[in-house]
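The primary structure of each chain is shown beneath.
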Amino acid sequence: VVFVDTPGLTCPAKFLLYWVRGRGIIFLVGLLPAVIGLAMAILKAAVQSEPFAMAVLAAANDADKMVFPDGPPGITLLARSLIVRDATNMAMMELKLLRADEAIAKKERDQALEERDSLAAELEGLETKVAEAVSSAEEKAREAAAAREGKDLLY
């Protein structure tokens, strides 16, 4: 930033001033893609471990469910194509991705089974309450019928 702030009116070396400004701007423009490339290389090195790759895919899957509940899994596709991939061994990477998808599916299945079991237990409790209410109502109806029958016998 210093090379841009150098005053051009008081500096007698105009050519060197323009040269430094141009080189500085070119450096700064070229620095951004280099930093992005470095970050991607570090991220890809971290993704080589299977637990991290599965965590990235799980986060992408959760983000897809939040952003596109009924739509296409765009964030998952981007994560697979940009982050969780290895061009040298595509078969092994595909196996890792399939295992990650299987783990996510098993987790969702287990959650659905737990929910089903809790709903079944709740249904059983409600059925018990209904059966108790029906038997109580039948008992009251029998008592009322017996009371009416007793009144009829007295009169």
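For clarity, every value in this text was computed on a predicted model and none was experimentally measured.

## Some details on the overall build of the chain
Phase 1 of the analysis: A tally of regular secondary structure across the chain gives five helices and zero strands.
Phase 2 of the analysis: When the helices and strands of the chain are placed in sequence order, the string is α-α-α-α-α.
Phase 3 of the analysis: Taking all 155 residues of the chain together, the buried fraction comes to 13%.
Phase 4 of the analysis: For the chain, the computed accessible surface area is about 12,100 Å², with 68% contributed by carbon and sulfur atoms.

## A word on the confidence of the model for the chain
Phase 1 of the analysis: Confidence in the prediction for the chain averages 83 pLDDT; 88% of positions are at 70 or higher.
Phase 2 of the analysis: Taken element by element, the chain is modelled with least confidence in helix α1 (residues 2–5), mean pLDDT 63, and with most confidence in helix α5 (residues 90–154), mean pLDDT 88.

## What to know about a nonpolar patch on the surface
Phase 1 of the analysis: On the surface, F15, L16, W19 and V20 cluster together into a nonpolar patch covering about 460 Å² of accessible area.
Phase 2 of the analysis: Mapping L16 onto the fold places it in helix α2 (residues 14–47).
Phase 3 of the analysis: We classify L16 as exposed; its relative accessible area is 52%.

## Some points on the pattern of salt bridges
Phase 1 of the analysis: Applying the stated criterion across every chain, the model contains four salt bridges.
Phase 2 of the analysis: Close ionic contact of E108 with K65 constitutes a salt bridge, the shortest N to O distance being 2.1 Å. Highlighted residues: E108 in helix α5 and K65 in helix α3 (residues 50–67), separated in sequence by 43 residues.
Phase 3 of the analysis: Its relative accessible area of 33% is what places E108 among the partly exposed residues.
Phase 4 of the analysis: As a salt-bridge pair, R109 and D110 come within 3.2 Å of each other at their nearest N and O atoms.

## Topic: the packing of α3 against helix α4 (residues 74–83)
Phase 1 of the analysis: With their axes 7 Å apart at the nearest point, α3 and α4 run at an angle of 150° to one another. With respect to α4, the axis of α3 lies roughly antiparallel. In this structure, α3 uses V56, L57, A60, N61, A63, D64 and V67 to contact α4, whose residues at the interface are G74, I75, T76, A79, R80 and I83.
Phase 2 of the analysis: Grouping the constituent residues of the contact of α3 with α4 by class yields eight nonpolar, three polar and two charged.

So, how was this worked out
Residues numbered from 1 in each chain as written. Predicted model: local features only at pLDDT ≥ 70, side-chain atom pairs only at ≥ 80, totals over all residues. Heavy atoms only, no water. Helix = DSSP H or I, 4+ residues; strand = E, 2+ residues; numbered from the N terminus. Buried < 20%, exposed > 50% of the residue type's maximum accessible area, 1.4 Å probe, protein only. Areas by Shrake-Rupley, 256 points an atom, 1.4 Å probe, with all protein chains shown as cover. pLDDT = per-residue confidence, 0-100. Patch = residues over 30% accessible without salt bridge, like charges linked within 9 Å, V, L, I, M, F, W, Y side chains within 5 Å. Salt bridge = Lys/Arg side-chain N within 4 Å of Asp/Glu carboxyl O. Axes fitted to C-alpha atoms, helices over the stretch in contact; angles between N-to-C directions. Parallel < 35°, antiparallel > 145°, perpendicular 65-115°, else oblique. Contact = heavy atoms within 4.5 Å. Nonpolar A, V, L, I, M, F, W, Y, C, P; charged D, E, K, R; others polar.

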